[in-house]
Amino acid sequence: MKNKPRKTVHSKSNPLKFNISEESKLMEFLMKKLDGISRNKVKNMLSNKVVSVDGQRATQFDFALQPGMVVEIGKPTAKERFRSPWLEIVYEDKYLLVINKKEGLLTNSRGKEKETAQGILNQYFIYTQQRCRAHTIHRLDRDTSGLMLFAKSKEVALMFEENWKNTVYDRRYVAVVCGEVREKDGLVASWLKEGRDFVTYSSPTDNGGKYAETYYETLMTYKGYSLLELELETGRKNQIRVHMADIGHPVVGDPKYGNGDNSLGRLCLHAYKLCFHHPLKKKDMEFETPFPAMFGRPFPI
């Protein structure tokens, strides 16, 4: 008795493949090839990252197909299926991750807070069957958004901690502050010490705290607000927020050191640039994220 021919299995290891012979839009092509499929099902396939064009995941229904291209329908990887409303994984290798954190999320917590960046990454490791834990390399305030770095082992985290200044060579923020900053650029320097009330106090002379320097450049001013780029020479708790208050231009939306202006509905501080020398791959890594769209609202841009 002859064996029956096997059916083609639609899976990650054996995806459906189609060679493109004429120009078409991705949606139209899929509906034609997958006879009877609805538009909504095709949209779900695209949003779930099931479709690839020339090896790259395609999510746009009107993606322009050209002769010679190859369309594949497979299954998304566990990493692609993982989603969080709080953070996005920007880069990952077997040693570390770079994430883009949203405002409102703690970096980590020793208390009862379960929803933290560290906790979400640990859940991601379980989901993707990685035998590791997230180790904090540096922190952002709960209401500060932007780029952060986590290690997958304590050993890698220590490599950064023990040689921070030489390893992390550029870290920049953007902020909307109250008032029109007249200086094009400047340096704010002081000693910062946290009190028993968990407020960081600034002093021009040594108050027993830690010395801190913040460089700023004025990008734009308009009708009582300024958009600043800030670069940290040191990384103290609440450093930027305290230093901006020191010069009379507190960050918009800062409930702790601000002047009550919350016109944009959030703390307007975002870590947009992170550059470091990878201690194991021995190469420079540079990452940037766009400024949050709402930061442009006070300005005619």
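Residues numbered from 1 in each chain as written. Predicted model: local features only at pLDDT ≥ 70, side-chain atom pairs only at ≥ 80, totals over all residues. Heavy atoms only, no water.

### Points about the overall build of the protein
The criterion, for reference: We count a stretch as a helix when DSSP gives it H or I for four or more residues in a row; a strand needs E for two or more, and each element gets its number in order from the N terminus. Residues count as neighbours in contact if any of their non-hydrogen atoms are within 4.5 Å of one another. Using a 1.4 Å probe, accessible areas were evaluated by the Shrake-Rupley method; residue-level cover was limited to the displayed protein chains. Charged residues are defined here as Lys and Arg on the positive side and Asp and Glu on the negative side; His and the ends of the chain fall outside this count. For charged residues, the charge sits on one atom: NZ in Lys, CZ in Arg, CG in Asp, CD in Glu.
A count of helices and strands for the protein gives 7 helices and 17 strands. Dimensions of the protein, computed from C-alpha atoms along their principal axes, come out at roughly 90 × 45 × 35 Å. In the protein, the proportion of contacts linking residues at least 24 apart, taken out of those at least 6 apart, comes to 60%. With an accessible surface of roughly 17,700 Å², the protein has 47% of that area assigned to carbon and sulfur atoms. Between the centroid of the 49 positive side chains of the protein and the centroid of its 37 negative side chains there is a distance of 11 Å.

### Considering the sheet that holds strand β4 (residues 56-57)
What counts is decided by this rule: For two strands to be treated as a pair, DSSP must find no fewer than two bridges joining them. To obtain each axis, a line is fitted to C-alpha atoms, and for helices this fit is confined to the stretch in contact; angles are then taken between N-to-C directions over 0 to 180 degrees.
Spatial strand order, β1-β6-β3-β4: 4 strands in an open sheet with antiparallel pairing. Single-partner strands in this sheet number two, and they are β1 (16-19) and β4. Here 2 bridges tie strand β3 (residues 51-53) to β4, and the two strands are oriented antiparallel to one another. Following the sheet pairing, Ser-52 is matched in β4 by Arg-57. Where helix α1 (residues 26-33) meets the sheet, it contacts β1, β3 and β6 (70-73), and its direction lies at approximately 60° from that of β6.

Bear in mind that shape data such as this cannot, by itself, settle questions of function.
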